[in-house]
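Per-entry structural report
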Amino acid sequence: MTFVSIREVAPRDGLQNEDPVPADAKVALIDALGRTGVRRIEAVSFVHPKAIPQMADADEVWSRIERNPDVRYSALIPNTRGAQRAIAAGFREIEVVVSASDTHNRRNLNRSTEESLDDITGLIPLVHEAGATLEVIVATSFGCPFEGDIDPARVAGIVARVRADGADRIAFGDTTGMATPRRVRDLLSEVRPDLLHFHNTRGTGLANILTALELGVTEFDASAGGLGGCPYAPGASGNVATEEVVHMLHDMGIDTGIDLEQLIKAAELAEKIVGRPLPSGVLRAGPRTRVV
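If you look the chain up in an unreviewed UniProt entry, it shows as Putative hydroxymethylglutaryl-CoA lyase from Actinoplanes missouriensis.

Below, the structure is given as C-alpha cells:
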C-alpha cells in the first residue's frame, strides 16, 4: 500500500461545534487547506440555520472560495431540502448522515433511524438525476453515548439497505470516540465501508486508523488541529488531527499527497480562527524531523 486518501473535514465538521465564525475566516481556512495537497475537502453543510447556526452562511462561503481543480469538494446535507440546496449550489459530491443508534438519530435529526433511511431512499435518485453522488455516513457505528454498544449486525443491515437503494459510498462515523482497535476489527469483519471517520475523544484515533489500514481501508476523514465534535452527543470532542495522521503515515512510507508543513500552517490558522488551543500534538511540537 503506497497511498492513503484523506478528506479534510475541519471547515464543516470542525467548525460546526465552535462558536460561529465569520465567513471570511471559513473561506480563508478552506483556501489554506486547498493549498496543502489534500485531495478532498468537506466544505460546508446545508442544514437549517436554527439547527446549526454555525453553517448558516454555507452558500456565501461556497461562492467565495478559491476552487482548486485538484480538490474534490463535498457538502453534508440532512434531508431532501438540504440536497436540493447543495445541488443548486453546484456540489456533485453530497453526504447524508444516518445514525445506527435510534436515540442519537432522534437527537440529531428529530426522526427515527428508519425514517431517515426512508428519506435516503428518495434522496438517491434525486441526487443521481443531478449528476451527483451520495455518500451515506453511518454515525455512532462503534457506539452511542445514549445506548452504549452498537451491534455490528445493525450497522451491516443499514449498509445493506442503502447499498441496495443505490448509495454510491458508505462511511462509518465514530461519533463520540467509542471505537477501539478491537471494535474496529469486530465491525469491519462484519461489513466494510469505503471511508472511516474517527474521533480521538479517548486517545485511540491513530490506533484505530492503523487497525483499519491493516484491514484494507485506505480512505479516512481527519480535521486540521483536531477540530470537531457533535453538538448532539455529549463528550464528542475532536476528530483525529489531520497533521497527526499525515505525520504517522509519511513516517510509515505511505503517501497522502499532502505537504505536512503547509498542513501545519493551516492548522495554526484554524487555531487562530477559533481562538483556543487545539489538541493536536503535531501542531504543538511539530514533526519529528524538525530540529532546533
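Listed in full, the buried residues belonging to helix 8 (residues 181–190) are Val 184, Leu 187 and Leu 188. In a view along the axis of helix 8, the buried residues occupy a sector of 95 degrees, so they form one face of it. In helix 8, the exposed positions that point more than 90 degrees away from the buried face belong to Arg 182 and Ser 189.

The geometry of helix 7 (residues 152–165) relative to helix 8 is characterised by a closest axis approach of 9 Å and an angle of 40 degrees between their N-to-C directions. Here helix 7 lies oblique to helix 8, going by the angle between them. In this structure, the crossing between helix 7 and helix 8 has a hand that is right-handed. For the pair helix 7 and helix 8, the contacting residues are Pro 152, Ala 153, Val 155 and Ala 156 in the first and Asp 186, Leu 187 and Glu 190 in the second.

Through backbone hydrogen bonds, the strands of a sheet pair up, either in parallel or in antiparallel fashion. Spatially, 1-2-3-4-5-6-7-8 is the arrangement adopted by the eight strands of the closed barrel, whose pairing is parallel. Neighbouring strand axes in the sheet, compared pairwise and without regard to direction, differ in orientation by 30 degrees on average. Of the pairings in the sheet, the one linking strand 6 (residues 169–173) to strand 7 (residues 195–197) comprises three bridges and is parallel in character. Bridge assignment links Ala 171 to a residue of strand 7, and that residue is Leu 195. Helix-sheet contacts for helix 2 (residues 23–34) involve strand 1 (5–8), strand 2 (40–45) and strand 3 (72–77), and the interaxial angle to strand 2 is about 165 degrees.

What follows covers empty space enclosed by the protein. Overall, the coordinates contain one cavity of 30 Å³ or more when judged by the stated rule. Each pocket or cavity is described by its volume, and for the largest cavity that value is around 30 Å³. Considering the residues around the largest cavity, the lining is formed by Pro 11, Lys 26, Ile 30, Ala 43, Val 44, Met 55, Asp 57, Ala 58 and Val 61. Those elements that provide at least two residues to the lining of the largest cavity are helix 2, strand 2 and helix 3 (58–64). Its residues assigned to classes, the lining of the largest cavity comprises seven nonpolar, no polar and two charged.

So, how was this worked out
Residues numbered from 1 in each chain as written. Predicted model: local features only at pLDDT ≥ 70, side-chain atom pairs only at ≥ 80, totals over all residues. Heavy atoms only, no water. Buried < 20%, exposed > 50% of the residue type's maximum accessible area, 1.4 Å probe, protein only. Helix = DSSP H or I, 4+ residues; strand = E, 2+ residues; numbered from the N terminus. Arc of directions from axis to C-beta. Axes fitted to C-alpha atoms, helices over the stretch in contact; angles between N-to-C directions. Parallel < 35°, antiparallel > 145°, perpendicular 65-115°, else oblique. Left-handed = near helix turned anticlockwise from the far one by under 90°. Contact = heavy atoms within 4.5 Å. Pairing = 2+ DSSP bridges. 1 Å grid on protein atoms, 1.4 Å probe; cavity = no way out; pocket = protein on both sides within 12 Å on 5 of 7 lines; lining within 4 Å. Points joined across faces, edges and corners; volume = space filled by probe spheres on them. Nonpolar A, V, L, I, M, F, W, Y, C, P; charged D, E, K, R; others polar.

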